[in-house]
Amino acid sequence: MKKQPFFSPCDLSNYKTEFTHLLEENKRKIAALAQQENPTFENLIHPLDELSNELHLKWSTLSHMHNVVDTDEVRNVYNEALPLLSDYQTDMGHNMPLFKAFQQIANHSSFASLSAEKQKVVANGLRDFRLSGIELNEEDKAQFRELEKKLSELSCKFGENVMDATYAWEKEISNITALKGLPEHVINYAAKKASEKEKIGWILTLEMPCYLAVMSYSENRELRQEMYAAFMMRASELGDKTFDNSGIMQKILSIRHQLASLLGYHNYAELSLATKMLDKPEKVLNFLNELLSLARPFAQQEFHTLQQFALEHDHIEKIEAWDVPYYSEKLQKQLFNFTSEELRVYFPEPIVLTGLFNLVSELYNIHIEPMQNMLSWHPDVKCFVIRDNHHHEIGYFYLDLYARQQKHGGAWMDDFCSRYRTLSDELQLPIAFLTCNFTAPENNQPALLTHDDVITLFHEFGHGLHHLLTKMEILDISGISGVEWDAVELPSQFMENFCWEKSVLDQISSHYQTREPLPDTLYTQLIASKNFQTAMQIVRQLEFALFDFHIHLDFEPGAKDDFIQKTLNEVRKKVSVVPITETNRFQHGFSHIFAGGYAAGYYSYKWAEVLSSDVYALFQENEVISSEVGHHFLNSILSRGGSDTAMNLFKTFRGREPQVEALLKAGGLLES
Ligand SMILES: [Zn+2]
């Protein structure tokens, strides 16, 4: 009988040897499986899953350690093993006998009698083979590989240019009055920068915390203007030419277009949507334009309010781009008189966790209990078991909440293993790693969280539940596997909504000394601050999303050098409600789409919010913490993994397709 795996630190000295051996063994076994005369789901795909599962267990241990205990030793082993894994995966994508075996299964008369889930697994597999270029002739295949290589070099160069241009700029300040309004920690930062360079005074930089602080707090309008201009010219033809991304961006678009053409798509946007819930360009454009027409009038109103405020406050007749964050900050402070730090005392971590566990227990009829004596990677890590109402174990998670040295920043959910029925008919239960970087507890006090921290925790917990409460037993569609890319944030963003609910806040807040829950006055202000400039934020995201989508949809070979700028100008004319300068070259630093994975996919941020708001609205239409709706959500979406399309799952839950209005209702713009 196979034992349930749990985390155990890997033996670093032997890792590379063992990992290499495992990959070789897998390749040998896969070659044998693919040679079978009559491949079926049971004799091919199920054994393949078994091999993938073993490999994942081995790899996820190391990659998790790399994330949370990144010592030199771990990093060296990780850097040695990573290329081995990516070569292995590339080989799999180009494994012709395996592809043919998948095709045989799909074309066999018995295919129709396979369960819908199994059919989906086969279809996903075939799609991924095709997207890796397996059907191309040898010549095209070579070109495909060459283009992919060039693309990754260019993306890398794009990111480097942005970084180098950011660090290349600095401004020396000799008179402290020029820094009026800046928070003390930023002034200290600027003084430290100066002393590092053996200069007297202060040095401001374009690094995010410094730049954002100047834009939001500096009372020196000329300084804001100067830094805004410098920031928005980074890596463009208007800045230092050594870091100019113009040519790189054009080449990236061209290569993406060629890759799409080789695979038989009209443009890169179509290729990007091959793995997404919104599977046609018109669907994406309809969504973005519908949201725009709903949100823009509100955004104009919000901007008008801001302009009025600046006029009354400082006699500013016309707000410029570098005034927007500054007056927004001032207006916000006037409207809601609290800081995020003030809220910390109401959110001691143990209370928040207990409240969160109670909430999901009520929604999904589960029980969460701590586990003792579990091996982990740090004494602060806690391990929990989830049980159903018959007290059967259904999953486990490790919670690693505090920032510390050698731990990567940010917050995320990672899977250690998935729910999966093995070849020997044993059920492996899912395990998640939930990682955050909150301020660690001090002086025998509990850790105190900001409201943003609470939201982060709920968000990652939502990903965790998607992985842990799955009822699927086939690896490729279990938990978050096989879920379309633009729908994967639904369960996480859904959980965030509860952090604004009075009944939930009463459960998760308690002053760490006086034990009183969050006072009503603070609650009212917190809610009001949530909806501050919502429409302006939506419209800003729409500008980025429409720009991203149009350059990938409309690009044609031989496009002129000004194609990108022209597209952006057109989008801005239609979308933006705030002033933008002629020299704004935002696109030259848009790493999400030129150096990251969001190309023709930036819309996903907003789309996932529509999905999660619309799902949450059904809870609100009932008593919010409704076990009945919770049960329905669990059965129609949360437990279903990638077993069906996200659209079908959504329709099962809501009885209709998603409605864009839900997002505006959630933002307080429309009556719910
Ligand atoms: Zn997320």
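What you are looking at is a predicted structure, and each value in this text was computed from that prediction instead of being measured. (Residues numbered from 1 in each chain as written. Predicted model: local features only at pLDDT ≥ 70, side-chain atom pairs only at ≥ 80, totals over all residues. Heavy atoms only, no water.)

**A closer look at the overall build of the protein chain**
Worth spelling out the cut-off: To qualify as a helix, a DSSP run of H or I must reach at least 4 residues; to qualify as a strand, a run of E must reach at least 2; elements of each kind are numbered from the N terminus. Throughout, radius of gyration means the C-alpha value; the globule benchmark is 2.2 Å times the number of residues raised to the power 0.38. Contact definition: two residues touch when any of their heavy atoms are within 4.5 Å. Computed with a 1.4 Å probe, the accessible areas rest on the Shrake-Rupley method; for each residue, only the protein chains presented here act as cover. Counting rule for charge: Lys and Arg are taken as positive, Asp and Glu as negative, and neither His nor the chain ends is counted. Lys charges are placed at NZ, Arg charges at CZ, Asp charges at CG and Glu charges at CD.
Helices and strands together make up the secondary structure of the protein chain, namely 26 helices and nine strands. Here the C-alpha atoms of the protein chain give a radius of gyration of 26 Å, agreeing with the 26 Å that 2.2 N^0.38 yields for 672 residues. Summarising its shape, the C-alpha atoms of the protein chain cover approximately 80 × 65 × 55 Å along the three principal directions. Long-range contacts, defined as pairs at least 24 residues apart, comprise 73% of the intrachain contacts of the protein chain with a sequence gap of at least 6. Counting every atom, the protein chain has about 30,800 Å² of accessible surface; 50% of that belongs to carbon and sulfur. Taking the average location of the 61 positive side-chain charges in the protein chain and that of its 93 negative ones, the two points are 3 Å from each other.

**Regarding the pairing of strand S6 (residues 412-417)**
Our working rule: With a 1.4 Å probe rolled over the protein chains alone, any residue whose accessible area is under 20% of its type maximum counts as buried; one over 50% counts as exposed, and the rest are partly exposed. Being paired, for any two strands, means DSSP has found at least two bridges between them.
Across the six residues of S6, five count as buried, placing the element largely inside the fold. Inspection of the sheet shows S6 paired to strand S9 (residues 431-438) by five bridges, in the antiparallel sense. Bridge pairing links Cys 417 to Ile 431 in S9.

**Let's talk about the domain arrangement of the protein chain**
Heads up, the condition is: All domain edges in this entry derive from an automatic or database-based domain assignment. Note on terms: buried area is the combined drop in 1.4 Å-probe accessible area of two parts once they are placed together, counting the loss on both.
Once the domains are mapped, the protein chain shows domain 1 (12-135), domain 2 (169-234), domain 3 (246-336 + 533-602) and domain 4 (344-479). The centre of domain 1, based on its C-alpha atoms, is set 27 Å off from the matching centre of domain 4. Between domain 1 and domain 4, the contact holds 21 residues from the first and 23 residues from the second. Taken together, the two surfaces of domain 1 and domain 4 that pack against each other cover about 2,100 Å², and 58% of this comes from carbon and sulfur.

**Notes on the pairing of strand S2 (residues 202-205)**
The two faces of S2 match: Trp 202 and Leu 204 on one face and Ile 203 and Thr 205 on the other face are all buried. For strand S1 (residues 170-173) and S2, the ladder comprises four bridges, and the chain directions are antiparallel. Bridge pairing in S2 places Ile 173 opposite Trp 202.

**With respect to the coordination of the zinc ion**
Stated formally: Excluding water, the donors of a metal are its N, O and S neighbours within 2.8 Å, or within 3.2 Å for Na, K and Ca, and that exclusion means sites may look incomplete. Geometry assignment treats four donors as tetrahedral when all angles are between 85 and 135 degrees, treats four as square planar and six as octahedral when opposite donors are over 155 degrees apart and all others between 65 and 115, and treats everything else as irregular.
Protein-derived ligands of the zinc ion are His 459 (NE2), His 463 (NE2), Glu 489 (OE) and Glu 489 (OE), with the metal-ligand distances lying across 2.1 to 2.7 Å. Bound by four donor atoms, the zinc ion shows angles of 52 to 141 degrees at the metal and therefore irregular coordination geometry. In primary sequence terms, the donor set of the zinc ion follows H-x3-H-x25-E. Residue His 463 is found in helix H16 (residues 451-468), and its partner Glu 489 is found in the loop between H16 and helix H17 (490-496); the two are separated by 26 residues along the sequence. Accessibility expressed as a relative area gives 10% for His 463, which makes it buried.

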